[in-house]
Amino acid sequence: MSEALKSKIADVLNEPGCATNSTKTDVLRKKGCTKQLTPGAAAGGCAFDGAMIALQPIVDVAHVVHAPAACWSNGWDNRSSASSGSELFRKGFTTDLSEIDIVMGHGEKKLYRAIREVIEAEAPAAVFVYATCVTALIGDDLDAVCKAATAKWGTPCIPVNVPGFAGSKNLGNKLGGEALLDHVIGTMEPETTTPYDVNIIGDYNLSGELWQVKPLLDKLGIRILGSIAGDARYKQVAMAHRAKVTMLVCSQALINVARKMQDRYGIPYFEGSFYGILDTSQSLRTMCRMLVEQGAPKELLNRCEVLIAKEEAKVWAALKPFRPKVEGRRVLLYTGGHKTWSVVSALQELGMEVVGTSMRKATDNDRDRVVEIMGDDKHMYENMAPREMYQMLKDAKADVLLSGGRSQFVALKALVPWVDVNQEKHEPYAGYMGMVDLVRAIDRSVNNPMWADLRDPAPWETPLTGSVLPAPSGACPVTGIAAPRSQAPVLVPQQAPAAAVAPAPSPELAAMTNSNTDFEDC
Amino acid sequence: MAVLIHPRRALSTNPLKTSAPLGAAMAYLGIEGAVPLFHGAQGCTAFGMVHLVRHFKEAVPLQTTAMNEVSTILGGGEQIEEAIDNIRKRAKPKFIGIASTALTETRGEDIAGELRAMKARRPDWAGTEVVYAATPDFDGGQQDGWAKAVEAIVSALVPVTPERDPDLRLVTVLVPSSFTTSEIDEAVRMIRSFGLDPIVLPDLSTSLDGHLSDDWSGHSLGGTSLADIARIPRSACTLALGEQMRGAAQIIEDRALVPYRVFQSLTGLKAVDAFVRVLMELSGMQDPPPSIKRDRARMMDAALDAHFFTGGLRVAIAADPDLMFSLSTALASMGAEIVAAVTTTQHSALIEKMPCAEVILGDLGDFERAARQAEAQILITHSHGRHAAEALNLPLVRAGFPIFDRIGAQDTCRVGYRGTRAFFFEIANAMQAIPHSPRPEDFGAAPIPEEFDHVPHPAPC
């Protein structure tokens, strides 16, 4: 690891804005978040993955991954960030290093050529170049290549130094943010600014979630000037330093960016969420209050309250018809961070019972909120092992699981309904309207008649009984005697099939009946 | 519980229904060495043949009594006799199945009576069974014609048997018009896997399954043999695989005392479970073969994977009652909502059991209207539904007859655990195939200001 990257990591890990960090002692803080992963018991992405999550939604940028096959060949096209403009960010660009490239040290040259080719082919607003484990290990100088490429072709080439071995996904988020702070933010000026310009940081517009909220901002006249990085144009990142207020959506991931923008450009930030009704309202209120503090006209506060009152009334009216369908259902939540408490309150409002909620990735603040909403911390737990969760669901202690894709099959194989609430999901659940979509998804899932069918026993789980066939009806055409309805002819011997077989079966037949495989299939 | 709606209109737009005689001809083609014979004008046969060839992509033997103006007025008995003579000479069939048409039924010919007289005076016809079904085009659709033909076959060819002497491993399987040849194969595979020996009637799986044969003759190649039909009285039970086969099953019971079971659907977990349960009972097997158990487990897993797409899915379906019922109930059991259902004939007990409020007795024009009005998300009908699919910009899952714009229609299997699994995948994949990426407008959001857009400049290299 280069010295520059080492000091960058140390800097990022010692984030004064981080709630966890601020509670530590000086000695501990110096050590940073040096939580080591446990070999054989780790799951989750690497630093490179994290940087990609944070930066890839910038839509008009070519994201070039400097790596051999695995990093991007396996990883591309797996998230559903939506774009209203360019679709360039969806294309997977990688240098796909070969053994010769690595052994002969052709990495930098290949990268330089790759950058030229992508600029020629796609004319991107910028090229983001990602270092990975192998290219960091062989010592390719990303900064130098990007600098030369920028000078040569005029298209900004941004080095993102995030080798996977550097640390966790969360660290990668932060390092991605650092690359923006170092090379992008503040490099362009907007034509005009308004007192209503905001930055939204940490929302990735998954399935269009940002747009579920945007109409509210549109109505208030608030402009999203900077976005990191949901449906963002490169220019929006470059101009983000001119916004008045920053809203930080996913609190853990990009807090360093928000905090440093406050230090450098004097833009105050707040942590908020658009999951759940109360949270959406709270976030709008805070945003408007801070804009007014930054110099926006005071009447914004009134308009905000009017809008919230109107929208809340509308969403509760829209949710009302679902109440009888979801009331009393027991929900198990397995998500991370802020989603937990903001969804819990809305579900409880609809008469659902939250029987458990995970606190992984949650801050102490999140924890306090859950205790406040649920009354105690009895139903809070940290990570749950899949086997444990399977047992809990199998024992029918919950009617539906709300979680991310990884626990999907734990629920499904236990024949318990599951609703995707993580980043890979295909339906957006943000803002007021998103809550209706979420409750609709829960309704659709738990009330699907399929579950009852699947839980019923298989035909062979109940023993064969009594009469096999319906009695012949009508009269015998020859004798004219009416069929006795009560006496169904028993056509099949009721013993087990083995007993019914002739006393001395041929050797072949015996072999067949003893075989475990179906003779139809062999 | 559904009510049947008769649209108050005179004009039929984009017909859904295939005629009854064509259904009868298809059933006859499932008999070995058969030539179906339409008693009507030759156009009836020409249109029918083109329809069959477009669907099966096979040469289909189909003959006509070629009624002309004179014979239409004076009676077509002679035309039938002459036609049978000629067919016997040219194709040497073992079986000729006559289906009447609207023309001859409107005239009111006593074909059954004339045929009896003919058979009596023509001993030289020995070796060719001649069967007649009254299938006027103006009553019912394809499945009614099919049912009447099968009823005619069993009435004529299943011997009257005064005493039961069942072979406990032998079962008669009556196949409905809605089954593809692969579906027959699958049902037979399941039955055989319980050690039972099925007589399949009519058996298109050996005649119109699209096989390359080294024989070329003017009659059907494959199908149920007449000898097998004669063995039906010895079967332990008749399995009627569709409500439309109830009548034929009843006739077999009346003639040969063979009890029957009707399976209204073989698609969907519960429907297949009921079928398997009866096979268990018939075979006395408490423990079914591993392939059956495995297929059930696979089907359940497929249901889990597919329910994300079928849950709340708004389905519009147009088909003959049996097919409509089996596909609709399977989808409804997966949380789908049948928002539009159009069918071809009122002669079915299944219509009122449909999992929707109303069923329209109508055409594809009604189908398109109803689907539009109910905001359906997917269409299920035969190939002619492509017009509606195009107009409504919706995915079309092809089911029924005819399917002429896809090859291999006979390989589609939607029955049994395996077929149900494939059907769920088919529906889920049709929904996934819709290219959809959300737009700000979908949520009522204003577009991103153009100011932020990147204007590409030519690269200076």
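Residues numbered from 1 in each chain as written. Chains lettered and ligands numbered in written order. Predicted model: local features only at pLDDT ≥ 70, side-chain atom pairs only at ≥ 80, totals over all residues.

### Observations concerning the environment of Ala445(B)
Note the following rule: Numbering goes from the N terminus for both helices and strands, where a helix is a DSSP run of H or I of at least four residues and a strand is a run of E of at least two. For every residue pair, C-beta atoms are placed from the backbone, and the pair is scored as a contact if these atoms sit within 7 Å.
On the secondary structure map, Ala445(B) appears in the segment after helix H16 (416-432). Ignoring any residue separated from it by four or fewer positions in sequence, one finds Ala445(B) in contact with Trp211(A), Lys214(A), Pro215(A), Asp218(A) and Pro440(B).

### Focus on the interface of chain B and chain A
Size of an interface, as often reported, equals the accessible area lost when the parts are brought together. The cut-off we apply is this: Residues are grouped as follows: Ala, Val, Leu, Ile, Met, Phe, Trp, Tyr, Cys and Pro are nonpolar; Asp, Glu, Lys and Arg are charged; all remaining types, including Gly, are polar.
At the interface, 59 residues of chain B touch 57 residues of chain A. Counting residues per element, the ones that place at least two in the side of chain B that touches chain A are helix H8 (181-193), strand E8 (235-240), helix H10 (246-256), helix H11 (269-283) and helix H12 (290-310) of chain B. Top element by residues in the side of chain B that touches chain A is H11(B). It accounts for 8 residues. When its residues are assigned to classes, the side of chain B that touches chain A shows 32 nonpolar, 12 polar and 15 charged.

### Looking at the domain arrangement of chain B
Residue and element names in this part refer to chain B. Note the following rule: Where each domain starts and ends follows an automatic or database-derived domain assignment.
As far as domains go, chain B holds domain 1 (20-139), domain 2 (167-290) and domain 3 (293-432). A straight line from the C-alpha centre of domain 2 to that of domain 3 covers 24 Å. Listed as interface residues are 25 residues of domain 2 and, on the opposing side, 29 residues of domain 3. Elements supplying a minimum of two residues to the side of domain 2 that touches domain 3: H8 and H11. Top contributing element to the side of domain 2 that touches domain 3 by residue count: H8, with 6 residues. Tallied by class, residues from the side of domain 2 that touches domain 3 come to 8 nonpolar, 12 polar and 5 charged.

### Thoughts on the sheet that holds strand E11 (residues 380-381) of chain A
Residue and element names in this part refer to chain A. Using the following cut-off: For two strands to count as paired, DSSP must find a minimum of two bridges between them. With axes taken as lines fitted to C-alpha atoms, and helix axes fitted only over the stretch in contact, angles between N-to-C directions fall between 0 and 180 degrees.
Read across the sheet, 5 strands follow the order E11-E10-E9-E12-E13 without closing on themselves; strand pairing throughout is parallel. Since the sheet does not close on itself, it has two edges, and those belong to E11 and strand E13 (418-420), each with one partner. The sheet contact formed by strand E9 (residues 330-334) and strand E12 (residues 400-403) spans 4 bridges and is parallel. Bridged to Tyr334 within E12 is Ser403. Along the sheet, helix H21 (residues 431-446) contacts E12 and E13; its crossing angle with E13, the most-contacted strand, is approximately 150 degrees.

### Considering the pairing of strand E13 (residues 378-381) of chain B
Residues and elements named next belong to chain B. Put simply, the test is: Three exposure classes are used, all based on how many other C-beta atoms lie within 10 Å of a residue's own C-beta (placed from the backbone): buried at 20 or more, exposed at 12 or fewer, and partly exposed between those limits. A clockwise course of the path from the first strand over the helix to the second, judged with the strands pointing away from the viewer, identifies a crossover as right-handed.
Residues of E13 alternate between two faces, with Ile378 and Ile380 on one and Leu379 and Thr381 on the opposite face, all of them buried. Alignment of strand E10 (residues 314-318) against E13, held across 3 bridges, turns out to be parallel. Of the residues in E13, the one forming a bridge with Val315 is Ile378. Note that E13 and strand E14 (residues 396-398) share 3 bridges and pair parallel. Among the inter-strand pairings, Thr381 is bridged to a residue of E14, identified as Arg398. This β-α-β element, E13 to helix H15 (residues 386-392) to E14, shows right-handed connectivity.

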